[in-house]
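Spelled out, the chains give:
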Amino acid sequence: MASVRYISTMLVKSDCPHCGRPVIEGSKYCLDCGSKIIADKPTAGGDKPLGPGLDTVLAALELESLTSGAYLLVIEGIDRGLCAPLPDDAAVVIGRREPGVALRDPFISRRHAEVERLDGRWYIRDLASANCTFVNSRPIERQELVEGDIVEVGYSTILFHVVE
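Residues numbered from 1 in each chain as written. Predicted model: local features only at pLDDT ≥ 70, side-chain atom pairs only at ≥ 80, totals over all residues. Heavy atoms only, no water.

Student: How should I be thinking about the overall build of the protein in this particular structure?
Tutor: Helix and strand counts for the protein come out as one helix and 14 strands. Across the 164 residues of the protein, 47% fall into the buried class. Sequence-distant contacts, at least 24 apart, represent 42% of the contacts inside the protein between residues at least 6 apart. Here the protein has roughly 8200 Å² of accessible surface; of this, 51% comes from carbon and sulfur atoms. (Helix = DSSP H or I, 4+ residues; strand = E, 2+ residues; numbered from the N terminus. Buried < 20%, exposed > 50% of the residue type's maximum accessible area, 1.4 Å probe, protein only. Contact = heavy atoms within 4.5 Å. Areas by Shrake-Rupley, 256 points an atom, 1.4 Å probe, with all protein chains shown as cover.)

Written out as structure tokens, the structure reads:
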């Protein structure tokens, strides 16, 4: 698998309205008390809005420099800015301390979800995680991924991006 890039774009946005602790820009929940930071309201890509600064994160990832293939781009959460290429010939596990896509989010399982390519299509499967896997704000067991899908694991939001 190609190397994972990490762009440091994490900024403290404000204080949690419930516990007063600092909250990372773009977070949906406070990592200290778990309180919701942004409101639920429908959007085109899913049922939850993305945090402020998404354009900044995507610009920092230099998407135009990516070679052809599929990528997981962490756009919200502790690992915001992570760009992980997906191999065409092997399944990749998303989780804590896993080879593949290792995230520092304490609210994801060690082996949370798996992404793989079958017959030219990409699929994501929840690996019986404690907090479920969501695609476009809907819980899934297994689902096909298409360009622009938003995957949520724990408090992390990941954009599925394909370069032709």
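Following the structure, the description resumes.
Student: Help me understand the sheet that holds strand β6 (residues 92-95) in this model?
Tutor: The pairing of strands in a sheet happens through backbone hydrogen bonds and is either parallel or antiparallel. Read from one edge of the open sheet, five strands run β7-β6-β8-β9-β12, paired in mixed fashion. Each edge of the open sheet is held by one strand with a lone partner, namely β7 (101-102) and β12 (142-145). As judged from the six bridges shared by strand β8 (residues 113-118) and strand β9 (residues 121-126), these two strands associate in the antiparallel manner. Paired with Glu114 across the two strands is Arg125, which belongs to β9. (Pairing = 2+ DSSP bridges.)

Student: Explain the pattern of salt bridges to me, please; I cannot follow it from the model alone.
Tutor: Where side chains of opposite charge bring their charged atoms close, a pairing between them can arise. Summed over the entire model, instances satisfying the criterion amount to four salt bridges. Glu144 is the salt-bridge partner of Arg121, the closest N and O atoms lying 3.7 Å from each other. Of this pair, Arg121 sits in strand β9 while Glu144 sits in strand β12, and the two are 23 residues apart along the sequence. When its relative accessible area of 46% is taken as the criterion, Arg121 is described as partly exposed. (Salt bridge = Lys/Arg side-chain N within 4 Å of Asp/Glu carboxyl O.)

Student: Looking at this structure, how should I read the nonpolar core?
Tutor: Where a protein is soluble and globular, its nonpolar side chains tend to be buried together. Formed by 22 residues in total, the largest nonpolar core has its most connected members in Ile94, Leu103 and Ile124. Of all the elements in the fold, those that place two or more residues in this core are β4 (69-76), β5 (82-86), β6, β8, β9, β13 (150-153) and β14 (156-163). Sequence-distant contacts of Leu103, defined by excluding residues within four places in its chain, comprise Val74, Asp79, Leu82, Ile94, Gly95, Arg96, Ile108, Val153, Ser156 and Ile158. Core analysis: the second largest hydrophobic core is formed by eight residues, Leu66, Cys83, Leu159 and Val163 among them. (Core = buried A, V, L, I, M, F, W, Y, C linked by side-chain atoms within 4.5 Å.)

Student: Teacher, can you tell me more about the packing of aromatic side chains here?
Tutor: Aromatic rings considered in pairs are described by the distance between their centres and by the relative angle of their planes. Tallying each qualifying case throughout the model produces two aromatic pairs. With centroids separated by 4.3 Å and ring planes inclined at 40 degrees, the aromatic side chains of Phe107 and Tyr155 adopt a geometry described as tilted. Taken together, the residues span a long stretch of sequence, with Phe107 in the loop between β7 and β8 and Tyr155 in the loop between β13 and β14 at a distance of 48 residues. For Phe107, a relative accessible area of 28% puts it in the partly exposed group. Classification of Tyr155 as buried rests on a relative accessible area of 18%. Just above the ring of Tyr123 sits the side chain of Arg142; from NZ or CZ to the centre is 4.2 Å. (Phe/Tyr/Trp six-rings, centres within 6.5 Å; stacked < 30°, edge-to-face > 60°. Lys NZ or Arg CZ within 6 Å of the ring centre and 35° of its normal.)

Student: Honestly, the pairing of β8 in this entry has me stumped. Any pointers?
Tutor: A regular strand carries its side chains on alternate faces of the sheet. As paired elements, β6 and β8 share three bridges and run antiparallel to each other. Along β8, the bridge assignment pairs Ile94 with Ala113.

Student: How should the side chain of Ser137 be read in this particular structure?
Tutor: Tracing the backbone through its elements, the reader meets Ser137 in the loop between β10 (133-135) and β11 (138-140). Residue classification places Ser137 among the buried residues on the basis of a relative accessible area of 15%.

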